[in-house]
Amino acid sequence: MKKLIKSCSCILLMLVGIGCSVSYSFQGGKLNYEVVKTITIQDFMNRAALVNPNLAPTFDRALRDRFVEQTRLTAVENNADIDIEGEITGYDLMGTAVKDDAYASQTRLTVSIRVRYTNNKEEGANVDQTFTAFREFPASSNLSDVEDGLVREIVTELVDMIYNATVANW
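A few points on the structure.

Some remarks on the overall build of the chain
Here is step 1 of the chain: Helices and strands together make up the secondary structure of the chain, namely three helices and six strands.
Here is step 2 of the chain: In the chain, the order of α-helices and β-strands from amino to carboxyl end is α-β-β-α-β-β-β-β-α.
Here is step 3 of the chain: Here the chain holds 170 residues, and 32% of them are scored as buried.
Here is step 4 of the chain: The contacts of the chain with a sequence gap of at least 6 include a subset with a gap of at least 24, amounting to 69%.
Here is step 5 of the chain: Only carbon and sulfur atoms are counted for the fraction: they give 52% of the accessible area of the chain, which is about 11,100 Å².

A word on the pattern of salt bridges
Here is step 1 of the chain: Evaluation of the coordinates by the stated rule reveals ten salt bridges.
Here is step 2 of the chain: With its nearest N and O atoms 3.8 Å apart, the salt bridge here joins lysine 121 to aspartate 81. Separated by 40 residues along the polypeptide, lysine 121 in the loop between β5 (104-119) and β6 (127-138) and aspartate 81 in the loop between β3 (74-75) and β4 (82-98) bring together distant segments of the chain.
Here is step 3 of the chain: Residue lysine 121 is classed as partly exposed on the basis of its relative accessible area of 47%.
Here is step 4 of the chain: Classification of aspartate 81 by relative accessible area gives buried; the value is 10%.

Things to note about the pairing of β5
Along any regular strand the residues' side chains alternate between the sheet's two faces.
Here is step 1 of the chain: Where β4 lies against β5, 15 bridges are found, and the strand directions are antiparallel. For leucine 93, the partnering residue across the bridge sits in β5 and is leucine 109.
Here is step 2 of the chain: Relative to β6, β5 runs antiparallel, the two sharing twelve bridges. The residue of β6 that forms the bridge with threonine 107 is phenylalanine 137.

Things to note about the packing of helix α2 (residues 55-70) against helix α3 (residues 143-168)
Here is step 1 of the chain: The N-to-C vectors of α2 and α3 enclose an angle of 40 degrees; their axes lie 10 Å apart at closest approach. Here α2 is positioned oblique relative to α3, judged by the angle of their axes. Crossing angle aside, the handedness with which α2 passes α3 is right-handed. Facing α2, whose interface residues are Leu55, Thr58, Phe59, Ala62, Leu63, Arg66, Phe67 and Gln70, α3 presents Val151, Val155, Leu158, Val159, Asp160, Ile162, Tyr163, Thr166 and Val167.
Here is step 2 of the chain: Taken together, the residues of the contact of α2 with α3 sort by class into twelve nonpolar, three polar and two charged.

Describing α2
Residues spaced three or four apart along an α-helix point in a common direction, a consequence of the helix completing one turn every 3.6 residues.
Here is step 1 of the chain: If you check α2, its first and last C-alpha atoms are 22 Å apart, about what 16 residues at 1.5 Å a residue would give, namely 22 Å.
Here is step 2 of the chain: Taken residue by residue, α2 has Leu55, Ala56, Thr58, Phe59, Asp60, Leu63, Arg66 and Phe67 as its buried positions.
Here is step 3 of the chain: In this fold, the buried residues of α2 make contact with β1 (38-41), β2 (45-46), β4, β5 and α3.

Conventions used here
- Residues numbered from 1 in each chain as written.
- Predicted model: local features only at pLDDT ≥ 70, side-chain atom pairs only at ≥ 80, totals over all residues.
- Heavy atoms only, no water.
- Helix = DSSP H or I, 4+ residues; strand = E, 2+ residues; numbered from the N terminus.
- Buried < 20%, exposed > 50% of the residue type's maximum accessible area, 1.4 Å probe, protein only.
- Contact = heavy atoms within 4.5 Å.
- Areas by Shrake-Rupley, 256 points an atom, 1.4 Å probe, with all protein chains shown as cover.
- Salt bridge = Lys/Arg side-chain N within 4 Å of Asp/Glu carboxyl O.
- Pairing = 2+ DSSP bridges.
- Axes fitted to C-alpha atoms, helices over the stretch in contact; angles between N-to-C directions.
- Parallel < 35°, antiparallel > 145°, perpendicular 65-115°, else oblique.
- Left-handed = near helix turned anticlockwise from the far one by under 90°.
- Nonpolar A, V, L, I, M, F, W, Y, C, P; charged D, E, K, R; others polar.
- Expected span 1.5 Å × (residues − 1).

In structure tokens, the structure reads:
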């Protein structure tokens, strides 16, 4: 009898499992692909007081990759439906977490980027905003030892913020 109840319970669970499904959809985006088909992303000039020569090309490449890979937009040189331009406005180091001896135990690297996103086909979709991200590292570390890794992490975060603010509708 116990075997019969176990068997029936298993069969019932399998039937219930077959009837249930989970579905995910990414239809919450802001882009209307029937109207918007092309994008131009200008090179971002580095206008920060402190300049990392690798920051602008790293950022430009990451931003282009995100929009081309995660949308159905075609990258063009000019006359695009969407234009993205801007500049790197800040690349700053600041001591944080001051210790008892008045020296910082952490250093914060902050990057700020101003972005102008213009949707030439849909009114009200434009964005003109400055995005900022930072990472901290031990003050005892040399910036040159940790800078490349920090820049990659910061660029990834900035690209996420820009993408979400412009086309992802998050």
